[in-house]
Amino acid sequence: MSTDSTNSSSTETGSTETGSTRQERFDRGLAVLTAVDGEAGQRVIDALADVNPELAHQIVAWGFGEIYSRPGLEPRDRQLVTLGMLTALGGCEPQLEVHLNAALNVGLTPAEITEVLLHSAGYCGFPKALNATFVAKKVFGERGLLPVGAQ
C-alpha cells in the first residue's frame, strides 16, 4: 500500500482524505481518552494489547480521535448519551463502569447520573436501569460519593 498523501486509504504514515495520518488520529484520540477516561481508558487499551491491538488502536484513533473529539457536543453531554445507550443495550456493565467514571471526570454529578438511569427505565425497562444503577453504586462507593445527595 502506498504512503502517498494523495491516497485516500489509511496507511501507517499516509494521509487520508481528512488530512490526518493514522498516528495523528491516534495521538489526538489518546489525548481525549486520557482527559475523559483517565487511567480506566488506558487499562482497557492495555488489556487489548496482546489479543487485539488493532481494536485498541481503532477505539483510540476512531472512537476518541474522530468521534469524541468532534466539537458538536461537550464531553459531559457525550457521556450522558453514552450512559443512556449502554444502559439500554444491557450486558455492557464493564464499559458502563468506565463511562460512569468518565461522566464524573467530565463534571456530571452522581445526582445527574442517577437521574439519567432513572429516566432510562421508561425506555429500556427496570432490569436494565437496575443493572446500571448497581454499577453506578459501585463506582460512587469507590469514589466516596455515597449516599447520593449527601454531597
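Keep in mind the model is a prediction, meaning the values are calculated, not measured.

> Can you break down the packing of helix 1 (residues 22-37) against helix 3 (residues 53-68) residue by residue, with the values?
Packed helix pairs are characterised by how far apart their axes lie and by the angle those axes make with each other. Axis separation between helix 1 and helix 3 bottoms out at 7 Å; the angle between their running directions is 80°. Classed by the angle they form, the pair helix 1 and helix 3 counts as roughly perpendicular. Judged by residue contacts, Arg 22, Arg 25, Phe 26, Arg 28, Gly 29, Leu 30, Val 32, Leu 33 and Asp 37 of helix 1 engage Glu 54, His 57, Gln 58, Val 60, Ala 61, Phe 64, Gly 65, Glu 66 and Tyr 68 from helix 3. Looking at side-chain class alone, the contact of helix 1 with helix 3 contains eight nonpolar, four polar and six charged residues.

> Kindly report on the nonpolar core, identifying the contributing residues and their values.
Counting 17 residues, the largest nonpolar core has Leu 83, Leu 96, Leu 100, Leu 104, Ile 113 and Phe 140 as the members making the most contacts within it. The element that contributes the greatest number of residues to this core is helix 7 (residues 126-142), accounting for five residues. When neighbours within four sequence positions are excluded, Leu 100 is seen to be in contact with Leu 83, Ile 113, Ala 132, Val 135, Ala 136 and Val 139. Listed in part, the 12 residues of the second largest apolar core include Val 32, Leu 33, Ala 61 and Phe 64.

> Talk me through the packing of aromatic side chains; I want residue IDs and the actual numbers.
Pairs of aromatic rings are described using the distance from one ring centre to the other and the angle between the two planes. Enumeration over the complete set of coordinates arrives at one aromatic pair. Arranged with centres 4.4 Å apart and planes meeting at 20°, the rings of Phe 64 and Tyr 68 form a pair that is stacked. With Phe 64 and Tyr 68 both in helix 3, this residue pair falls four residues apart, about one helical turn. Residue classification places Tyr 68 among the buried residues on the basis of a relative accessible area of 17%.

> Can you break down the environment of Leu 145 residue by residue, with the values?
Residue placement: Leu 145 occurs in the segment after helix 7. Classification of Leu 145 by relative accessible area gives buried; the value is 18%. Between the C-alpha atoms of Leu 145 and Pro 110, which are 35 residues apart in sequence, the distance is 7.4 Å.

> Give me the lowdown on the pattern of salt bridges, citing residues and values where you can.
Side chains carrying opposite charge are able to pair once their charged atoms draw close together. What the rule picks out here adds up to eight salt bridges. Residue Glu 66 pairs with Arg 25 through a salt bridge whose shortest N-O separation is 3.9 Å. Of the two residues, Glu 66 is situated in helix 3 and Arg 25 in helix 1; the sequence distance between them amounts to 41 residues. Given a relative accessible area of 24%, Glu 66 falls into the partly exposed group. The class for Arg 25 is buried, based on a relative accessible area of 11%. Put simply, Glu 66 and Arg 28 hold a salt bridge, and the shortest N to O gap is 3.0 Å. Linking Glu 66 in helix 3 with Arg 28 in helix 1, this pair joins segments that are 38 residues apart in sequence. Salt bridges here are not isolated pairs; linked through shared partners, they connect Arg 25, Arg 28 and Glu 66.

> Can you explain helix 2 (residues 39-48)? Please cite residues and give values.
Every buried residue of helix 2 is accounted for by Ala 40, Gly 41, Ile 45 and Leu 48. Across the axial projection of helix 2, the buried residues extend over an arc of 140°, all falling on one side. Among the exposed residues of helix 2, those oriented more than 90 degrees off its buried face are Glu 39, Arg 43 and Ala 47. Packing partners of the buried residues in helix 2 comprise helix 1, helix 3 and helix 5 (93-105).

Cut-offs and rules
Sequence order as written defines residue numbering, which begins from 1 separately in each chain. Owing to the predicted nature of the model, reporting of local features is limited to residues with pLDDT of at least 70; listing and counting of side-chain atom pairs is limited to 80 or more, with chain, interface and lining totals taken over all residues. Hydrogens and waters are ignored; side-chain quantities use all the structure's heavy atoms. Interaxial angle, 0 to 180 degrees, is taken between N-to-C directions of lines fitted to C-alpha atoms, where a helix line uses only the stretch in contact. Counting from the N terminus, the helices are DSSP H or I runs at least four residues long and the strands are E runs at least two residues long. Working definition: roughly parallel below 35 degrees, roughly antiparallel above 145 degrees, roughly perpendicular at 65 to 115 degrees, and oblique for all remaining angles. The contact rule is simple, with two residues in contact once any of their heavy atoms fall within 4.5 Å. Only Asp, Glu, Lys and Arg are considered charged in this grouping, and only Ala, Val, Leu, Ile, Met, Phe, Trp, Tyr, Cys and Pro are considered nonpolar; every other residue, Gly among them, is considered polar. Definition of nonpolar core: a set of buried residues of the types Ala, Val, Leu, Ile, Met, Phe, Trp, Tyr and Cys, connected through side-chain atoms within 4.5 Å. Whether a residue is buried, partly exposed or exposed follows from its accessible area with a 1.4 Å probe, protein chains only, as a fraction of its type maximum: under 20%, in between, or over 50%, in that order. Classification of ring pairs rests on two measures: the distance between centres of Phe, Tyr or Trp rings, Trp counted by its six-membered ring, which must be within 6.5 Å, and the angle between planes, read as stacked under 30 degrees, edge-to-face over 60 and tilted in between. By definition here, a salt bridge exists when the distance from a side-chain nitrogen of Lys or Arg to a carboxyl oxygen of Asp or Glu is within 4 Å. By arc we mean the arc of the directions from the helix axis to the C-beta atoms, nothing more.

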